[in-house]
Protein chains: 2
Amino acid sequence: MALDQDRAAGSLYRKVAADLREAITSGSYGDAGRLPAEGALAEQYSVSRGTVRQALAVLRADGLVTSRRGTRRVVLGTARVQSFSELLSFTHWARSMGEEPGGRLESLVRRPADAAEREQLRLEPGSEVYVTLRLRTLSGTPVMVERTVYPPLVGELVAQLPPDVVSHTEPLREHGILFTDADHTIDVVAANADDARLLTCRRGSPLLREKRRTTDPTGTPVEWSQDRYLPGTVAFSIHNSLASSALSRHARESD
Amino acid sequence: MALDQDRAAGSLYRKVAADLREAITSGSYGDAGRLPAEGALAEQYSVSRGTVRQALAVLRADGLVTSRRGTRRVVLGTARVQSFSELLSFTHWARSMGEEPGGRLESLVRRPADAAEREQLRLEPGSEVYVTLRLRTLSGTPVMVERTVYPPLVGELVAQLPPDVVSHTEPLREHGILFTDADHTIDVVAANADDARLLTCRRGSPLLREKRRTTDPTGTPVEWSQDRYLPGTVAFSIHNSLASSALSRHARESD
DNA sequence: GCAGCCAAGTTGGCTGGCCAACTTGGCACA
DNA sequence: TGTGCCAAGTTGGCCAGCCAACTTGGCTGC
């Protein structure tokens, strides 16, 4: 919340977008209601029409409003849509739901990267990686097993963190490691022996898997992670539209 | 493909975006290479810098390039990202992979909408809905069970389609029913008796579930669907970034 | 009553310009 | 050699304006 305000404070169009989002989600325009015209909003906020359009593009991408030529924008839904940080960080996400996040570092090893890891993290042959295995809990109950591969520069920092630290993105951010872009792949996988032990489920029972590759602003990969959730604990939600889509459906590749 | 070209042909910035996408995916700028400056691209394409920025915003949303103040854009990856239509239509998706889509209508009933359906499709109390159950196949092998609820206006059209028709979005589009926005929720669910029979798997075995609510340009819901995939056949892939995110992680609600 | 036309309203798209914030590489200097 | 500063290059952001494409509601005429 504080983070949202900080980001909104940065630029004018973000402030307008934040204000409109607040108005929409609080129901000021009704559920299928129509927004004021761009020109009217421009006058209301004392900004140019271009700035209003920039703000509305954000809301359109979030699935809050439609937009087509000739008629006013229509409120699509009172949707929520968390911030990027709540998606990326288990800790942020849990706290935003009012749950208490927990975690335990099961293992941390440093070893040569295999071919797949070099490919994902864009590393030179012979590079080493840091691999962690963590159990994540919500209010004490295990919900997820997280296997993360870090490149050397990031891994060194992670290795120095105390094993019981809850959030990893926060301390990394303080060391100048930024997470800005991520690619996610979601599918189903069977629990292996480690999964079963940590999550207290049967071996072979289904888990919801999220593979995630995160990069910093320069495009350098900083993390390659594989999270396995107990079914019934989470669901992933996406909005897309003809105007802007970043979701796709794939034939499943090996592994 | 033809559809992409049609859309690209519409406006200038789409043409520029399509051209840049082609150049990037074909490797013209290298994998972690840097794009020309906005001004240079503007001159190259003989458009204003604003138009170039609009085109680059599309590529940024698709996860093809980064973008930060002070330095040139960097190529993030040679990613693919299907079009919206390939995501929304099983038929389009299958054909884009070179597979032959098939389908069989198992049942089609018309009945009063329950509370959840009225909520999702924004219908008046007492409204009726059309409910279909379809088995979807790829090159003959069953991969997915689709349960779709249509509002009356759309359902009447669907009911008139021959039961062995492969694509439903195409004939609907010809009748003026447009699909422009969709909300997706992805989780895991256990196969029930119908699922098991149609997909020839055991009852209770895990399926990847996608719930989807689609609306037309006016914001009117036109479809509420629940697709259940056999594990190992598909994976969902999403890109998001600080700049624009439409993906979120939810605590799982009932049903 | 009904169909079709028309004008007003609205968003999409594009231009040109301006300044601020930030990155980067080279240069000056210790 | 190494450190710090600085200027050029680049993207983010905002403005004002213009026209085209499209929707909608009302009016006209049959």
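Cut-off values and rules
- Residues numbered from 1 in each chain as written.
- Chains lettered and ligands numbered in written order.
- Predicted model: local features only at pLDDT ≥ 70, side-chain atom pairs only at ≥ 80, totals over all residues.
- Heavy atoms only, no water.
- Helix = DSSP H or I, 4+ residues; strand = E, 2+ residues; numbered from the N terminus.
- Buried < 20%, exposed > 50% of the residue type's maximum accessible area, 1.4 Å probe, protein only.
- Contact = heavy atoms within 4.5 Å.
- Areas by Shrake-Rupley, 256 points an atom, 1.4 Å probe, with all protein chains shown as cover.
- Near = heavy atom within 4 Å.
- Polar contact = N/O pair within 3.5 Å; in protein donor to acceptor, adjacent residues only side chain to side chain.
- Nonpolar A, V, L, I, M, F, W, Y, C, P; charged D, E, K, R; others polar.
- Core = buried A, V, L, I, M, F, W, Y, C linked by side-chain atoms within 4.5 Å.
- Axes fitted to C-alpha atoms, helices over the stretch in contact; angles between N-to-C directions.
- Parallel < 35°, antiparallel > 145°, perpendicular 65-115°, else oblique.
- Left-handed = near helix turned anticlockwise from the far one by under 90°.
- Salt bridge = Lys/Arg side-chain N within 4 Å of Asp/Glu carboxyl O.
- Arc of directions from axis to C-beta.
- Pairing = 2+ DSSP bridges.

Quick word on the overall build of chain A
Next, step 1: Looking only at helices and strands, one finds ten helices and eight strands in chain A.
Next, step 2: Classification of the 255 residues of chain A by burial places 52% in the buried group.
Next, step 3: Considering only contacts within chain A whose residues lie at least 6 apart along the sequence, 57% involve residues at least 24 apart.
Next, step 4: Accessible area for chain A stands at about 11,600 Å²; split by element, carbon and sulfur atoms hold 49% of it.

A closer look at the protein's contact with DNA strand D
Next, step 1: Of all residues adjacent to DNA strand D, which total 23 residues, the nearest are Leu12(A), Ser48(A), Thr51(A), Ser67(B) and Arg72(B).
Next, step 2: Close to the protein, within 4 Å, the atoms of DNA strand D belong to sugar or phosphate groups at a rate of 74%.
Next, step 3: Here a phosphate oxygen of DNA strand D sits 2.7 Å away from a polar atom, N or O, in the main chain of Ser48(A).
Next, step 4: Taken together, the residues of the surface near DNA strand D sort by class into five nonpolar, eight polar and ten charged.

Brief notes about the nonpolar core
Taken as a class, soluble globular proteins show a tendency for nonpolar side chains to be buried jointly.
Next, step 1: Ile186(A), Leu208(A), Leu208(B) and Phe236(B) are the most contacted members of the largest nonpolar core, which totals 26 residues.
Next, step 2: Elements with a minimum of two residues in this core: helix 6 (90-96), strand 3 (141-150), strand 4 (181-190) and strand 7 (234-241) of chain A together with helix 6 (90-96), strand 3 (141-150), strand 4 (181-190) and strand 7 (234-241) of chain B.
Next, step 3: With residues near it in sequence (within four places) discarded, Ile186(A) still touches Leu208(A), Arg209(A), Phe236(A), Ile186(B), Leu208(B), Ala235(B), Phe236(B) and Ile238(B).

Structural notes on the protein's contact with DNA strand C
Next, step 1: In the vicinity of DNA strand C lie 23 residues, with Ser67(A), Arg72(A), Leu12(B), Ser48(B) and Thr51(B) positioned nearest.
Next, step 2: The sugar-phosphate share of atoms of DNA strand C within 4 Å of the protein amounts to 73%.
Next, step 3: Contact between DNA strand C and Arg73(A): a phosphate oxygen at 2.9 Å from a side-chain N or O atom of the residue.
Next, step 4: Contact distances for DNA strand C include 3.5 Å between a sugar or linking oxygen and a backbone N or O atom of Gly70(B).
Next, step 5: A class-by-class count of the residues in the surface near DNA strand C yields five nonpolar, eight polar and ten charged.

A word on the packing of helix 2 (residues 12-25) of chain A against helix 4 (residues 49-61) of chain A
All names here are of chain A.
Next, step 1: Their axes nearest at 8 Å, the elements helix 2 and helix 4 cross at an angle of 55°. Comparing their axes, helix 4 and helix 2 come out oblique. In the packing of helix 2 onto helix 4, the handedness of the crossing is right-handed. Residues Leu12, Tyr13, Val16, Ala17, Leu20, Arg21 and Ile24 of helix 2 form the contact with helix 4, whose own contacting residues are Thr51, Gln54, Ala55, Leu56, Val58 and Leu59.
Next, step 2: Across the contact of helix 2 with helix 4, the residue classes break down as ten nonpolar, two polar and one charged.

Quick notes on the pattern of salt bridges
Residues and elements named next belong to chain B.
Next, step 1: Applying the stated rule across the entire model yields 32 salt bridges over all chains.
Next, step 2: In this structure, the salt-bridge partner of Arg197 is Asp194, at a minimum N-O distance of 3.3 Å. Here Arg197 pairs with Asp194, and both are found in helix 10 (residues 193-199), just three residues apart, close to one helical turn.
Next, step 3: Residue Asp194 is classed as partly exposed on the basis of its relative accessible area of 32%.

Some words on the side chain of His239(B)
Next, step 1: Assignment of secondary structure puts His239(B) in strand 7.
Next, step 2: A polar atom in the side chain of His239(B) sits 3.0 Å from the side chain of Asp183(A).

Here we look at the environment of Gly63(A)
Residue and element names in this part refer to chain A.
Next, step 1: Tracing the sequence through the fold places Gly63 in the loop between helix 4 and helix 5 (84-88).
Next, step 2: Given the relative accessible area of 5%, Gly63 is considered buried.
Next, step 3: Once the C-alpha coordinates of Gly63 and His239 are considered, the two residues, 176 residues apart in sequence, prove to be 5.9 Å apart.
Next, step 4: Once residues within four sequence positions are removed from consideration, Gly63 is found in contact with Leu76 and His239.

Re the side chain of Asp195(B)
Next, step 1: Inspection of the secondary structure assignment puts Asp195(B) in helix 10.
Next, step 2: Judged by relative accessible area, Asp195(B) falls into the buried class, the value being 0%.

Digging into helix 8 (residues 152-160) of chain A
All names here are of chain A.
Next, step 1: Residues Val154, Gly155, Leu157 and Val158 constitute the buried set of helix 8. In an axial view of helix 8, the angular spread of the buried residues amounts to 160°, which keeps them on one side of the axis. Every exposed residue of helix 8 that faces more than 90 degrees away from the buried side is listed here: Leu153 and Gln160.

Things to note about the environment of Leu207(B)
Residues and elements named next belong to chain B.
Next, step 1: Mapped onto the secondary structure, Leu207 falls in strand 5 (residues 206-215).
Next, step 2: For the pair Leu207 and Asn192, spaced 15 residues apart in sequence, the C-alpha to C-alpha distance is 9.9 Å.
Next, step 3: Apart from residues lying up to four places away in sequence, Leu207 is in contact with Asp187, Val188, Val189, Ala191, Asp195, Leu199, Arg228, Tyr229, Leu230 and Pro231.

Side note on unusual backbone geometry
All names here are of chain A.
Next, step 1: A positive phi angle is found at Arg122, which is not glycine, with a value near 55°.
Next, step 2: Turning to its location among the elements, Arg122 is positioned in the loop between helix 7 (115-121) and strand 2 (128-138).
Next, step 3: Judged by relative accessible area, which is 30%, Arg122 ranks as partly exposed.
Next, step 4: Of note, the phi angle at Ser139 is positive, near 50°, even though the residue is not glycine.
Next, step 5: In this fold, Ser139 is placed in the loop between strand 2 and strand 3.

Observations concerning the environment of Glu117(A)
Residues and elements named next belong to chain A.
Next, step 1: Among the structural elements, Glu117 can be located in helix 7.
Next, step 2: According to the relative accessible area criterion, Glu117 is buried, its value standing at 6%.
Next, step 3: Separated by 107 residues in sequence, Glu117 and Trp224 have C-alpha atoms that sit 8.0 Å apart.
Next, step 4: The contacts of Glu117, once residues within four sequence positions are left out, are Arg111, Pro112, Arg122, Val129, Val149 and Trp224.

Here's the deal with the pairing of strand 6 (residues 221-229) of chain A
All names here are of chain A.
Next, step 1: With nine of nine residues buried, strand 6 lies mostly within the body of the structure.
Next, step 2: Bridge analysis of strand 3 against strand 6 gives six bridges, and the strand direction is antiparallel. Bridge pairing in strand 6 places Val149 opposite Trp224.
Next, step 3: As defined by bridge partners, strand 5 (residues 206-215) adjoins strand 6 across eight bridges and the pair is classed as antiparallel.

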